[in-house]
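Breakdown of the fold
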Amino acid sequence: MTTAQVTSEAEELKALAEQAGRDLEDASALEILRWATETFGKKFCVTSSMEDAVVAHLASRALPGVDVVFLDTGYHFEETIGTRDAVEAVMDVNVITLTPRQTVAEQDAEFGPKLHDRNPDLCCAMRKVKPLEEGLTRYAAWATGLRRDESPTRANTPVVGWDEKRQKVKVSPIARWTQDDVDAYVAEHGVLTNPLLMDGYGSVGCAPCTRRLLEGEDARAGRWAGSGKTECGIHG
Ligand code: SF4
């Protein structure tokens, strides 16, 4: 395919995404996911951090056997890996685990131990952003569990938008949901959630960069606490 053809395909996808974002703004999460699975078929996947399996569950209703992409950074809590294994065992989804090019030991040998404490942006770039970018190449569209109420940086998340960095359609079917909506869906459908959410954590990421919440803190305050960092680079 020529560069011009690639550019024109990307422009068409971008226009499609922006139109869908407007058309589906008031649609339900399931309607948004049905649009995505009907439009992209096997070129669509869900990404999940295994904090909960809400979007994976919704997507499996729209497309049984849908690909659910999980990024194993090598730094996850055991509970997160356990949630991934449970999702794979009980849900009608195809879990795909991506790993960074280097193991933690190899990264430590090249960059020194605890890079996450000294340069979390570089650590996230190598252990999250890059492997996801490579893992998503086979897809035209991907879904995330981003919600507008999670943080100011996510307040304008479209339900369907254009991921300029990866040149892909980015679907956020629960962008308009609140935590209460998530809790209600989990209760109604018995959806798997990470046990750490019941143990004082408001959001679950890599173990070295995640702590329990203090009283009154926002859900994501326990991620990279005290560093000024709020996103890993996947969504920004
Ligand atoms: S969240 Fe922390 S440990 Fe995980 S990749 Fe980013 S800096 Fe590294």
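This text goes with the structure placed above it.
On to the site of the ligand. Every residue close to the ligand is listed here: Tyr75, His116, Pro120, Cys123, Cys124, Arg127, Lys128, Cys206, Cys209 and Trp224. In a pocket analysis with a 2 Å cut-off to the grid points, the ligand is assigned to the largest cavity. Here the element with the most residues in the shell around the ligand is helix H7 (residues 120-135); it accounts for 5 residues. Classifying every residue of the shell around the ligand by side-chain character gives 7 nonpolar, 1 polar and 2 charged.

This part covers the nonpolar core. Counting 45 residues, the largest nonpolar core has Phe44, Leu58, Val160 and Val169 as the members making the most contacts within it. When residues in this core are grouped by element, the largest group, 7 residues, is from helix H2 (residues 29-40). Once residues lying within four places of it in the same chain are set aside, the contact partners of valine 169 are Leu13, Ala17, Trp35, Phe40, Ala140, Ala141, Trp142, Val160, Gly161 and Trp162. The next biggest cluster of nonpolar side chains, apart from the first, holds 9 residues, and it includes Cys45, Val69, Leu132 and Trp142.

The next point concerns helix H1 (residues 3-23). With 21 residues, H1 should reach 30 Å at 1.5 Å per residue; the first-to-last C-alpha distance of 30 Å fits that figure. Burial in H1 covers these residues: Ala10, Leu13, Ala17, Ala20 and Gly21. Buried positions in H1, seen along its axis, are confined to an arc of 100° and lie on one side of it. Opposite the buried face of H1, by more than 90 degrees, sit the exposed residues Ala4, Glu11, Glu12, Arg22 and Asp23. Buried residues along H1 sit against H2, strand E5 (160-163) and strand E6 (168-171).

Orientation of helix H3 (residues 54-62) relative to helix H8 (residues 179-189), taken along the N-to-C sense of each, is 60°, at an axis distance of 10 Å. The angle between the axes of H3 and H8 places the two elements in the oblique class. Between H3 and H8 the crossing geometry is left-handed. Facing Val54, His57, Leu58 and Arg61 of H3, the residues of H8 in contact are Val182, Tyr185, Val186 and His189. Grouping the amino acids of the contact of H3 with H8 by side-chain chemistry returns 5 nonpolar, 2 polar and 1 charged.

Thresholds, definitions, all that
- Residues numbered from 1 in each chain as written.
- Predicted model: local features only at pLDDT ≥ 70, side-chain atom pairs only at ≥ 80, totals over all residues.
- Heavy atoms only, no water.
- Near = heavy atom within 4 Å.
- 1 Å grid on protein atoms, 1.4 Å probe; cavity = no way out; pocket = protein on both sides within 12 Å on 5 of 7 lines; lining within 4 Å.
- Sits in = over half its atoms within 2 Å of the grid points.
- Helix = DSSP H or I, 4+ residues; strand = E, 2+ residues; numbered from the N terminus.
- Nonpolar A, V, L, I, M, F, W, Y, C, P; charged D, E, K, R; others polar.
- Core = buried A, V, L, I, M, F, W, Y, C linked by side-chain atoms within 4.5 Å.
- Buried < 20%, exposed > 50% of the residue type's maximum accessible area, 1.4 Å probe, protein only.
- Contact = heavy atoms within 4.5 Å.
- Expected span 1.5 Å × (residues − 1).
- Arc of directions from axis to C-beta.
- Axes fitted to C-alpha atoms, helices over the stretch in contact; angles between N-to-C directions.
- Parallel < 35°, antiparallel > 145°, perpendicular 65-115°, else oblique.
- Left-handed = near helix turned anticlockwise from the far one by under 90°.

Function cannot be read off these values alone, since they describe shape.
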